[in-house]
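What the coordinates show
The residues making up each chain are set out below.
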Amino acid sequence: MSGGISWDPLPPVFTSTRFSNLSPLRGEENVKEASMEKKPRLVAGGGGGGGGDGEASGSAVCGGLLVERLPEALLVEVVGRLELEAACSAAASCRALRSAAAAAFSAVMSLDLSMFPPTNAILNRILAGNGALRSLVVNCSLIDDAAVAAIAKGSLRELSLLKCSSFSPYLFVVIGERCKNLRSFVLEMVASNDDEHFGICRKSVAHIFKGCGNLENLSLKFFPLLGPGSVDFESLVPIPSTIKVLLLQPVSNWQAKRLFPISTSLKTPVSSTVESLSLVLDIITDELVACITGSLHNLVELCLEDNPMLEPDLHNDLTNIGLQALGLCHKLTHLSLTRGKQNCSSTFRRVTDFGILMLAEGCKQLKTVRLAGFSKVRDAGYAALLQSCKDLKKFEVSTGCLSDLTCLDLDEAAPKITEVRLLNCGLLTSETAISLSSCTNLEVLDLSGCRSIADSGLVSISQLSKLTLLDLSGADVTDAGLSALGNGRCPMSSLCLRGCKRISNNGIASLLCGSGTINKTIISLDIGNVPRISGGAVTLIAKNCEQISSLCLRNCLLINDSSIETLGSMRHNSGRNSLRMLDLSYCSRLSRSFLGLFEPPCFRGLRWLGVGKNMLERRGCSPTVAELLERKPGLTVCGNACEMGCRNQCHPDIRRQ
C-alpha cells in the first residue's frame, strides 16, 4: 500500500551473522559455547569449580557460574551479534545474560518481532531499558496486559500490534496516555471466547485517538470478519484530522457513508487530507463511491473489498455509474475493487465493459489496478486499461472471462509493466505467457488457476531476466516445462507449483540441477498437492537449494517421516540457512511421532510449522505439540490449515486455545 509503513532495517547490532550459526532457541548455551571458544582459560576454571553436585546439576551450575564470571562488556558484545531471536532467548535465561540482552537492546531504534512471538517476560526484559525505540512490530499472540508498560513507550513513532487476543482496554488507555508522538498505529485483534470483552476492547481503541494527536497512518483489523456494523467505528469519531493512510476492517456500508458525507452542511469526520483509503465492507455501492470521491479530493490509493451476505438488489450495488464517479479522483494512482465469495456467489454483475472504459478514460494516471468479481467485463474492458493507462506497472485481474485477447497487443505498455497477476482465468492459454514475455522488466507473474498454461508458455517465461516470483498453481505443465525453467535466465526467488499434477521428482531434479541459477536464488517453493512428489524431491531440495527458507509440502501423500528427517538432517549437517516456514498440512503418511523430528538440534531456525487439524487431533502423539513448543518457544504451530505463515489470517496461538 502506498503511504504505508516502511520499516527501517535493524541496526548493525542485530544484522551481523558472526554468530548466526548458533541456535536461536538456546541462547544461554550458545553464548556459553561461543565464550568457551574465545576464552578456553575460563572453561577450565569453570569446569573445576562445579563438579561436586552430580553430572546433570553440576553441568547446569557450571554453565551458570561460567557465564556469570564473564565480563559484562563481552556478554553484551556476544548477545549483540546474535540473530534477533537468539538475543531474545538470551533475555529469558540467566541473570547475566538478561542484563547483557537489556544492554544490547537499550539503543535499538527499530525492532520487528512479527515472526518471533515473545512472551511477557522476554518483551519486558528486552525493552525495559530502551528509551530510543521509534518503530516496534510485535506478534502479540503470547502476551497480555503484563507487557503493556514495555510496549507503550513515549519515544515511539510507529507501532504495530499483530494477532492480539489477550489484551484488555488497559492497553489502549496506556498507549493514548504515553505515546503522544505516535505517527503510525496498526492493530490486528482476534475475537476471544468472551464476546463482551472483545466488544469493550473495540470501543476502547478510541482512547488512542484522544491521546495521539499526530497520527498519520491508522490501520484497524478485527478478526473474524463479523456481520455489518459489528465494529462500532463511530466510537472513534472524530478521527484525527492528520490521518493520511486509513484502513478499517470490517466496516459496514452505512458506517462508511457517515465517515465520508457528500453534503457540505454536515461536519466531515474524516479530513480530506486522506491519501490512502482501504475498507473491507459488507457491500460496495455507487452511493458509497460517490461519497468517497466527493469527500477525499487528495486520494491517491483506494482499496475497496466487500463480501455480501446476499445477492445485492438492483439499486444497492456497484454499477457503471460508480466506475464513472472514480474518474473524478484525478490524483488516483492505485485502485483495487474486489468482491469476495465467502458468503455467497455474488459478482459485480451490473458493471460492463462500458464502465471499465469510462474508468480507463478518467483515470489514465493509474499505476496499479486490481479487479476481482467483475463477471460481465470482457477482454475489451481490460485491454482498455492496459492501453489507456500509460504508467501502469501492476495489473491484477481475477475472473473467468478474460482470454488471450487481453494481452495480445502490449507493445506500448510492456516496458513499464513489472507485475501481472491473472488469477483463475480459465480461458487463458500459453499464448498469454508468450505475449507477456515482451514485458522485459516483469518481476512478478501470477497465473494461478489458469489451467491451460502449458510447457510452451514456460519456455518463453524462462527468458525473463528479472522475474523473481512465478505462480503456476494448477497449470498443465510437465517435467519438460520445469526443465525449461531450470535452464532459463530467471533469478527466481519464489515459485509455486501447487496442484500441477503432471510433474514428478524428475521435474524437480531438472528444475534445480539445470544450467540456470534457480537453485541458488530460490527462497520460497510450493509443491503442495502434487501426487507424485515424494522423499526424493525433498532430498533434492535439501541438497541443492542454498537459500530456501519457505517450503510447502501440504497434501503430498507420499511424504513420510524419513523425508522430513532427511530435510532436517541434511540442512543441519551442511550448515546452510535453516528453513523458517514449513507446511505439512494433510501429509497423511506422517506418523504419530513425527513432531519429534523437529526437536533440537534439527530445524533450528524454524519459526512456523503447518500441520493441519487432523494431525493435532491424533491421539498418542509423542512428543505432543505442547512439549515441542516448550522446547522451541520461538516456534508457531498452526493446526488451522492456514496458508504459509498464517498469511491474511488472525487466530489465537495454539498455546492459548
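Residues numbered from 1 in each chain as written. Predicted model: local features only at pLDDT ≥ 70, side-chain atom pairs only at ≥ 80, totals over all residues. Heavy atoms only, no water.

- Identification of the protein chain as F-box/LRR-repeat protein 15-like leucin rich repeat domain-containing protein from Leersia perrieri is taken from an unreviewed UniProt entry.

1. A word on the packing of helix α20 (residues 505-512) against helix α22 (residues 535-544)
- Between α20 and α22, the least distance of the axes is 8 Å, while the angle of their chain directions is 15°. Relative to α22, the element α20 is oriented roughly parallel. Taken as a pair, α20 and α22 cross one another with a handedness that is left-handed. Residue-level contacts link Asn-505, Ile-508, Ala-509 and Leu-512 of α20 to Gly-536, Ala-537, Leu-540, Ile-541 and Asn-544 of α22. (Axes fitted to C-alpha atoms, helices over the stretch in contact; angles between N-to-C directions. Helix = DSSP H or I, 4+ residues; strand = E, 2+ residues; numbered from the N terminus. Parallel < 35°, antiparallel > 145°, perpendicular 65-115°, else oblique. Left-handed = near helix turned anticlockwise from the far one by under 90°. Contact = heavy atoms within 4.5 Å.)

2. Digging into the nonpolar core
- Counting 182 residues, the largest nonpolar core has Ile-175, Phe-185, Leu-582 and Phe-598 as the members making the most contacts within it.
- For this core, the element with the highest residue contribution is helix α6 (residues 95-105), accounting for six residues.
- Discounting residues that sit within four places of it in the chain, Phe-185 has contacts with Leu-159, Leu-161, Ile-175, Ile-208, Leu-215, Asn-217, Leu-218, Ser-219 and Leu-220.
- Cys-552, Met-581, Cys-638 and Cys-642 belong to the second-largest nonpolar core, a separate cluster that totals seven residues. (Core = buried A, V, L, I, M, F, W, Y, C linked by side-chain atoms within 4.5 Å. Buried < 20%, exposed > 50% of the residue type's maximum accessible area, 1.4 Å probe, protein only.)

3. Some details on α22
- Counting buried positions over the 10 residues of α22 gives seven, a clear majority of the element.
- Listed in full, the buried residues belonging to α22 are Gly-535, Ala-537, Val-538, Leu-540, Ile-541, Ala-542 and Asn-544.

4. A short note on the state of the cysteines
- Under the counting rule described, the total for this entry stands at zero disulfides.
- Free of any disulfide, Cys-389 has its nearest cysteine sulfur in Cys-363, 7.6 Å distant. (Disulfide = S-S within 2.5 Å.)

5. Some thoughts on the pattern of salt bridges
- Taken as a whole and judged by the stated rule, the model has 17 salt bridges.
- Between Arg-339 and Asp-317 there is a salt bridge; the shortest N-O distance is 3.0 Å. Highlighted residues: Arg-339 in strand β9 (residues 334-339) and Asp-317 in the loop between β8 (301-306) and α14 (320-326), separated in sequence by 22 residues. A single burial state applies to Arg-339 and to Asp-317, both of which are buried.
- Residue Arg-498 is joined to Glu-643 by a salt bridge in which the shortest nitrogen-to-oxygen separation is 3.0 Å. (Salt bridge = Lys/Arg side-chain N within 4 Å of Asp/Glu carboxyl O.)

6. Topic: the environment of Ile-243
- Of note, Ile-243 is situated in the loop between β5 (217-223) and β6 (245-251).
- On a C-alpha basis, the gap between Ile-243 and Gly-213 in space is 9.7 Å, while along the polypeptide they are 30 residues apart.
- If we ignore the near neighbours within four places in the chain, the residues touching Ile-243 are Leu-215, Glu-216, Asn-217, Leu-218, Thr-273 and Val-274.

7. Comments concerning the packing of aromatic side chains
- Within the structure shown, the criterion is met by three aromatic pairs.
- Both rings, one in Phe-348 and one in Phe-374, keep their centres 4.7 Å apart while their planes meet at 35°; by these two values the pair is tilted. Pair noted here: Phe-348 is in the loop between β9 and α15 (353-362) and Phe-374 is in the loop between β10 (368-372) and α16 (379-388), with a separation of 26 residues, a long-range link. Note on accessibility: Phe-348 and Phe-374 belong to one class, buried.
- An aromatic cluster is defined as three or more aromatic residues linked by ring pairs; in this entry it consists of Phe-594, Phe-598 and Phe-603. (Phe/Tyr/Trp six-rings, centres within 6.5 Å; stacked < 30°, edge-to-face > 60°.)

8. Quick look at the pairing of strand β4 (residues 184-190)
- Within β4, seven of the seven residues are buried, which leaves the element mostly enclosed by the surrounding structure.
- Burial of β4 is two-sided: the residues Ser-184, Val-186, Glu-188 and Val-190 facing one way and the residues Phe-185, Leu-187 and Met-189 facing the other way are all buried.
- Where strand β3 (residues 158-164) lies against β4, five bridges are found, and the strand directions are parallel. For Leu-159, the partnering residue across the bridge sits in β4 and is Phe-185.
- The parallel pair β3 and β4, bridged by helix α9 (residues 170-178), forms a crossover whose chirality is right-handed.
- Judged from the seven bridges that link them, β4 and β5 form a sheet pairing that is parallel. (Pairing = 2+ DSSP bridges. Right-handed = clockwise from strand over helix to strand, strands pointing away.)

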